Structures are given as C-alpha cells and as structure tokens.
Amino acid sequence: MVYQRGSKGSYQNWADAVGDQSYTWENFLPYFQKSVNFTPPDMNLRFANSNPEYDAEAAASNGTGPLSVTFSKYAQAFGTWAAHGFEQVGVPVFRGFLSGKLNGQSYSKFAMDAETMHRESSQTSFLTKGLENPTLKVLEYEVIWGHIDILVVAVRSLPI
C-alpha cells in the first residue's frame, strides 16, 4: 500500500474551510512523524540507478511509531526509464511525497515491514498497538446508536 501525505495546500484549504488553523500541514507533521517507523531504502538490494530521494527531515520518526514505512527492496526497470522520461519533459525528481510537496516525481514509499516486505494495515499497526492499551475498549461487530458526545472506537477487521 502506497504511503503518501497530502500537500501543504490541501491542509491549508482544510484549515481555512473549518476556520481552525490547527489543521495546517505544519501542525500535522509532528503527528505524521510520531505515527510511523520510517526505514530508509536498502541500496544494497536496489539497482544503482533506482536510488530514491526523500526528505529525511519530513520522514524523521523516533522509530517507535506503529506503522512501518519504507521503500521496496526492488524497483522495476521500467521505473528507472520512466524517471528519465519524466525529466526530459520537465517533471523533476524531488525528495519524495512526505514533505507536503507534490510537484515532481519520486519513488513511492510503502506501508510495509522493512524486513519482511509484508504489507502493513490499520489493523497490523494502529489497532495492534492500541490493543496493548488496557483503557481501550474494542467493540467487535457492534452498531452504535444514539447521541455520542465523545467516542473513540477501534473496530477489529472481520475474519476472511
């Protein structure tokens, strides 16, 4: 699953629409960083011409967020040629989609475990971590009716 954040402008539009500047990019960034466990790409496993650029400051995390985010260990050959093609038509390489800027091209980051390359999900990251909290009540297969002032609900995924 591709991991990408919205643009600075989209968060500013949101803040302006609701009249609350706490929704700006700058205010959300610490929470983005806190929620992920970012692992830089392993260039020993990728082709030399598939070196992804990324904004280390925007990607920075304390390594304890529940969602693992990284680059894939392999880049398709087509992607390396597509990058050259994009540059030829004026679409520059830039330091990824984590910095709130979306004008350019970049290899995607993925919500996946950096060691196993298994996909991460809301369940495998946030819900699993949340279930460690004894004060969190998980309501399974429940429908909530009525007036609710404040409610935080985590829903366990249905078995397949």
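The paragraphs below set out a description of the structure included in this document. Predicted, not measured: the structure shown is a model, and the values here were computed from it.

## As for the environment of Glu115
And step 1. Structurally, Glu115 is set in the loop between strand 4 (109-111) and helix 5 (123-130).
And step 2. For Glu115, a relative accessible area of 65% translates into the label exposed.
And step 3. Considered as a pair, Glu115 and Phe86 are 29 residues apart in the sequence and their alpha carbons are 31 Å apart.

## Some details on the sheet that holds strand 2 (residues 36-39)
And step 1. Read across the sheet, four strands follow the order 1-4-3-2 without closing on themselves; strand pairing throughout is mixed. The sheet is open, and its two edges are formed by strand 1 (2-3) and strand 2, each paired on a single side.
And step 2. On the sheet, helix 2 (residues 25-35) packs against strand 1, strand 2 and strand 3 (67-70) and is oriented at approximately 70 degrees with respect to strand 2.

## A look at the packing of aromatic side chains
And step 1. All chains considered together, the criterion is met by 14 aromatic pairs.
And step 2. Look at Tyr11 and Trp14: their rings are 6.1 Å apart centre to centre, the planes differ by 35 degrees, and that puts the pair in the tilted class. Of the two residues, Tyr11 and Trp14 both sit in helix 1 (residues 8-18), three residues apart, roughly one turn of that helix.
And step 3. Their ring planes at 65 degrees and their centres at 5.7 Å tell us that Phe47 and Tyr74 sit as a pair that is edge-to-face. Of the two residues, Phe47 sits in the loop between strand 2 and helix 3 (56-59) while Tyr74 sits in the loop between strand 3 and helix 4 (77-88), which places them 27 residues apart along the sequence.
And step 4. In this structure Tyr74 comes out as partly exposed when scored by relative accessible area, which is 46%.
And step 5. Joined through ring pairs, the aromatic side chains of Tyr11, Trp14, Tyr23, Trp25, Phe28 and Phe32 make up one cluster.

Reading the values: rules and limits
- Residues numbered from 1 in each chain as written.
- Predicted model: local features only at pLDDT ≥ 70, side-chain atom pairs only at ≥ 80, totals over all residues.
- Heavy atoms only, no water.
- Helix = DSSP H or I, 4+ residues; strand = E, 2+ residues; numbered from the N terminus.
- Buried < 20%, exposed > 50% of the residue type's maximum accessible area, 1.4 Å probe, protein only.
- Pairing = 2+ DSSP bridges.
- Contact = heavy atoms within 4.5 Å.
- Axes fitted to C-alpha atoms, helices over the stretch in contact; angles between N-to-C directions.
- Phe/Tyr/Trp six-rings, centres within 6.5 Å; stacked < 30°, edge-to-face > 60°.

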